[in-house]
Amino acid sequence: MIGILGGTFDPVHHGHLRIALELLQDLSLDEVRFIPCRNPPHRGEAVASPRQRLAMLERAIAGQRGFVIDDRELARPGLSYMVDTLESLRNSGGGTPLCMIVGRDAFDRLDTWHRWRHLIELAHIVVAERPDVPGQPSPAVAELLEGRRVDDPMALHGRDAGSVLTWPVTRLSISATLVREVIAAGRSPRYLVPDTVWSYIQKESLYR
Ligand code: ATP
């Protein structure tokens, strides 16, 4: 079973890496795929180039068993829609169960995503939830949840798509925005990002 963690990763930080590791272990995933997007549909362009974001991801995950980078969105022109990515993974991976990992806030607004109803036909959805922040899904998303919710990660292994699991994770209060702001203010982002990523940011004079 493959976990899919899509994002801008501008830059990748310990918040991303920690939830990926917890889900890899807790859900008995074979791998977590980090999929950097080229043109994010919900926001402006990334500050770092695709090449730089990929280089930071490579440094961040080096040596971690089960962490894999997938650059298919960087190779695809136009906006990076998750539904296209899942379709392409499904076409190449056959019946391997896929788990699209999303934060609770993203899940609650899933109905703003391109062809959103199709996502659940292509993958399970794993909602990474902070135990202290209850969610409030939009009415359309709440309707999608009906009959699809599972509580046991093992239930995901039996089917290739179609279930929704909400799973508590340690959400560190780190965002890429915070990391960029810290650097722009001339302060050190050490311990927010891996040291190898910070070295690369300095070498490339990023986010100043
Ligand atoms: P930005 O601040 O630039 O918007 P970000 O830190 O939210 O970026 P993204 O690359 O956009 O990072 O996020 C990719 C995925 O990782 C999203 O699903 C997001 O919800 C999740 N994520 C980001 N930061 C954390 C965190 N601290 N803990 C858990 N999940 C996170």
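Residues numbered from 1 in each chain as written. Predicted model: local features only at pLDDT ≥ 70, side-chain atom pairs only at ≥ 80, totals over all residues. Heavy atoms only, no water.

Here helix α2 (residues 50-61) crosses helix α10 (residues 195-203) at 150°, and the two axes come no closer than 8 Å. Regarding the angle of α2 to α10, the classification is roughly antiparallel. With respect to the hand of their crossing, α2 and α10 are arranged in right-handed fashion. Between α2 and α10, the residues in contact are Arg51, Gln52, Ala55, Met56, Arg59 and Ala60 and Thr196, Val197, Tyr200 and Ile201, respectively. (Axes fitted to C-alpha atoms, helices over the stretch in contact; angles between N-to-C directions. Helix = DSSP H or I, 4+ residues; strand = E, 2+ residues; numbered from the N terminus. Parallel < 35°, antiparallel > 145°, perpendicular 65-115°, else oblique. Left-handed = near helix turned anticlockwise from the far one by under 90°. Contact = heavy atoms within 4.5 Å.)

We now examine the site of the ligand. By nearness alone, 17 residues border the ligand, and Arg43, Leu172, Ile174, Ala176 and Thr177 come closest of all. Between histidine 13 and the ligand, the recorded distance is 2.8 Å, taken from a side-chain N or O atom to an oxygen atom. Within the side chain of threonine 177, one N or O atom sits 2.5 Å away from an oxygen atom of the ligand. When the ligand sits alone it has 600 Å² of accessible area, and the protein chains cover 83% of it. Contributions of two or more residues to the shell around the ligand are made by β1 (2-7), α1 (14-26) and α9 (176-184). Grouping the constituent residues of the shell around the ligand by class yields 5 nonpolar, 9 polar and 3 charged. (Near = heavy atom within 4 Å. Polar contact = N/O pair within 3.5 Å; in protein donor to acceptor, adjacent residues only side chain to side chain. Areas by Shrake-Rupley, 256 points an atom, 1.4 Å probe, with all protein chains shown as cover. Nonpolar A, V, L, I, M, F, W, Y, C, P; charged D, E, K, R; others polar.)

What follows covers unusual backbone geometry. A cis amide bond, omega 5°, links aspartate 10 with the succeeding residue proline 11. Looking at where proline 11 falls in the secondary structure, it is placed in the loop between β1 and α1. Its identity as a non-glycine residue notwithstanding, serine 205 has a phi of 50°, on the positive side. Summarising the element assignment, serine 205 is placed in the segment after α10.

Moving on to the side chain of arginine 180. On the secondary structure map, arginine 180 appears in helix α9. Once residues within four sequence positions are removed from consideration, arginine 180 is found in contact with Asp10, Pro11, Arg43, Val47 and Tyr207.

Bringing the pattern of salt bridges into the picture now. As enumerated under the stated definition, the model contains 12 salt bridges in all. Across the salt bridge formed by arginine 18 and glutamate 22, the nearest N and O atoms sit 2.8 Å from each other. Here arginine 18 and its partner glutamate 22 are both found in helix α1, 4 residues apart, which amounts to about one turn of the helix. On the basis of relative accessibility, which here comes to 8%, the residue glutamate 22 falls in the buried class. A salt bridge links arginine 104 to aspartate 108, with the shortest nitrogen-to-oxygen separation between them at 2.8 Å. Residue arginine 104 and its partner aspartate 108 are both found in helix α5 (residues 104-108); the two are separated by 4 residues, about one turn of the helix. For the pair arginine 104 and aspartate 108, a shared accessibility class is recorded, and that class is buried. Residues participating in the shared-partner salt-bridge network are Glu31, Arg33, Asp70 and Arg72. (Salt bridge = Lys/Arg side-chain N within 4 Å of Asp/Glu carboxyl O. Buried < 20%, exposed > 50% of the residue type's maximum accessible area, 1.4 Å probe, protein only.)

This part takes up the nonpolar core. Residues Val32, Phe34, Met56 and Phe67 are the most contacted members of the largest nonpolar core, which totals 42 residues. Top element by residues in this core is α1. It accounts for 6 residues. Beyond its immediate sequence surroundings of up to four residues, phenylalanine 34 is in contact with Leu5, Phe9, Leu17, Ala20, Leu57, Ile61, Phe67, Val68, Ile69 and Asp70. The next biggest cluster of nonpolar side chains, apart from the first, holds 24 residues, and it includes Leu86, Val102, Ile120 and Ile125. (Core = buried A, V, L, I, M, F, W, Y, C linked by side-chain atoms within 4.5 Å.)

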